[in-house]
Amino acid sequence: MNIKTLCVIGLGYIGLPTASMFAMHGKHVIGVDINSKVVEVLNSGDVHIEEVGLRALVRSAIKSGNLVIQKSPEPSDAFIIAVPTPFNPDKKADMRAVISASESIVPHLQPGNLVILESTSPARTTVDLVKPILERSGLKGGQDFFLAYSPERVLPGQILKELVENARVIGGIDRASSEAGRDLYATFVKGEIVLTDGTTAEMVKLMENTFRDVNIALANEFALIAEKLGINVWEAIGIANRHPRVNILRPGPGVGGHCIAVDPWFLVESAPEQANLISRARLVNESMPAYVVEMIRRTIGETGIIAALGLTYKADIDDTRESPAVEIVQRLAESGYAVRAYDPHVAELSSLDCLVHSFDAAVSGADLLLVLVEHVEFKALLVPEAVAPLMKKRQLVDTRHCLITANWRRVGFRVAELGVG
Ligand code: SAJ
């Protein structure tokens, strides 16, 4: 199938790099976002999200004339839906964005078009939700248009590299749809392109992130057990991982981001009675922020000034969605601590009113240094001899095992480290 024009609906962490990549590989791409601010920012030559290499890629794509950014779709050979699928307070998937993106395609859908859903979705979404909406056009899926699910699988921080190099799964509603999808992504994907059916592709995506979540929960549980036993979990994991078939992940203050903290619930939603381990693991990871607050209480008591470093859900990115660091800071503030939160990647956050804009402003006069995210910028700043004189009390909680705690103890810090009893 020869696709010349394509609409990418949703210009977030996945849609924007995907649209730009296709544009740089000769497709005429219409990038669509319903948020006028996003459209405005992109058309002014800027980008609204931080990702290595993205700004340059988007700029080149727009400059080439192959990427046009606008608020609504147009008739095209193919449509890619890359909108968010968050979850509701009851942990059920919120599919409103997928529904309205699908509806926005209906008036433009023509015989021979290809529609791809990339958004992480509960199993059967492509056949049970998207297909019937698209068929409101009067065309029949599989007969008049091609339809497939192809999950994004790229790691924030390495999106541009992984977009090209990762294996790509394409699950069509029929074989012809899978093959049409393969022809499209072969434009820039160098990794293997694996064809399957739509529901299997949806399940694959959910299984990948659930696999990671369950394994992080196991690491977190090991950390709590190690603390209870009075040993160092990091040493124990380091030794256990020398076994040829063991690879324990890293304990931490919780699991954040828009994917791993959310997707396992989509499996629970589909099969609540079967997904026991999955929901249990989610609860273990969700309990970590409260545990960190408890660690802090044990270290400094009921009051004090806390310099909280890092708010994003992991290092070296700007994304604070579902971030355990944000939850910890909120819980501390609610418990009456005076918190000064600093993150070089976060200039503002509406849910927090304790944000400060420099390391010094966070640390000066503080009773506790709390490391929540191991951003590379902190390496040069977290020098014990330099930080110690700035603080009122020398107390430290490291939730990421990113500091050499012996060096901090040497200059008089009382140290608590997650997973170390
Ligand atoms: N984390 C730990 N310990 C670890 C690894 C991660 O506590 O050993 C925490 C991180 O701090 C973070 C969270 O887990 O809060 C998730 O981070 P991550 O780097 O594991 O994953 P994401 O959410 O940035 O990206 C994941 C990736 N999925 C897998 O690795 C299976 C990525 O490939 C997916 O494309 C992405 O989800 C997505 O969009 O679904």
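Owing to the predicted nature of the structure, the values given are computational and were not obtained by experimental measurement.

The full count for this structure, using the stated rule, is four aromatic pairs. When the centroid spacing of 4.8 Å and the interplanar angle of 70° are considered together, the rings of F22 and F188 count as edge-to-face. With F22 in helix α1 (residues 15-24) and F188 in the loop between α7 (175-185) and β8 (193-197), this pair connects stretches of sequence that are 166 residues apart. The two residues F22 and F188 agree in class, both being buried. Here W408 and F413 contribute two aromatic rings whose centre-to-centre distance is 5.0 Å and whose plane-to-plane angle is 85°, an arrangement assigned as edge-to-face. Of the two residues, W408 and F413, neither departs from the other in class, the shared state being buried.

So, on to α1. Judged by how many residues are buried, α1 sits mostly within the fold: nine of ten residues are covered. The set of residues buried in α1 consists of G15, L16, P17, T18, A19, S20, M21, F22 and A23. Following α1 by one or two positions, G26 has its phi on the positive side, about 90°.

Structurally, the position occupied by N113 is in the loop between α4 (96-105) and β5 (114-117). Relative accessible area serves as the criterion here: at 4%, N113 is assigned to the buried category. Not counting chain neighbours up to four residues away, the residues in contact with N113 comprise M1, S76, D77, F79, H108, D144, F145 and F146.

What follows concerns the pairing of strand β11 (residues 368-371). Here β11 shows a buried face lined by L368 and L370 and a second buried face lined by L369 and V371. In the sheet, strand β9 (residues 305-309) pairs with β11 via four bridges, with the strands oriented parallel. Its bridge partner being in β11, A308 is matched across the sheet by L370. Pairing between β11 and strand β12 (residues 395-398): three bridges, direction parallel. Looking across to β12, one finds that V371 is bridged to D398.

Here we come to the sheet that holds strand β6 (residues 146-149). The eight strands lie next to each other as β3-β2-β1-β4-β5-β6-β7-β8, forming an open sheet whose pairing is mixed. Two strands lie at the open edges of the sheet, namely β3 (67-70) and β8, each paired on one side alone. On average, each strand axis in the sheet is inclined to that of its neighbour by 25°, with strand direction left out of account. Bridging between strand β1 (residues 5-9) and strand β2 (residues 28-32) involves five bridges; their strand directions are parallel.

A separate point is the site of the ligand. Lining the immediate surroundings of the ligand are 20 residues, of which E152, K205, N209, R212 and Y313 lie closest. Residue R400 places a side-chain N or O atom 2.8 Å away from an oxygen atom belonging to the ligand. A class-by-class count of the residues in the shell around the ligand yields nine nonpolar, three polar and eight charged.

Within the secondary structure, A281 sits in helix α11 (residues 276-286). Looking at A281, the relative accessible area reads 5%, which means it is buried. The sequence separation of A281 and K131 amounts to 150 residues, and the corresponding C-alpha distance is 33 Å. A281 has contacts with D213, V214 and A217, leaving out every residue within four places of it along the chain.

Cut-offs used in this document
- Residues numbered from 1 in each chain as written.
- Predicted model: local features only at pLDDT ≥ 70, side-chain atom pairs only at ≥ 80, totals over all residues.
- Heavy atoms only, no water.
- Phe/Tyr/Trp six-rings, centres within 6.5 Å; stacked < 30°, edge-to-face > 60°.
- Helix = DSSP H or I, 4+ residues; strand = E, 2+ residues; numbered from the N terminus.
- Buried < 20%, exposed > 50% of the residue type's maximum accessible area, 1.4 Å probe, protein only.
- Contact = heavy atoms within 4.5 Å.
- Pairing = 2+ DSSP bridges.
- Axes fitted to C-alpha atoms, helices over the stretch in contact; angles between N-to-C directions.
- Near = heavy atom within 4 Å.
- Polar contact = N/O pair within 3.5 Å; in protein donor to acceptor, adjacent residues only side chain to side chain.
- Nonpolar A, V, L, I, M, F, W, Y, C, P; charged D, E, K, R; others polar.

On their own, these measurements won't tell you what the molecule is for.
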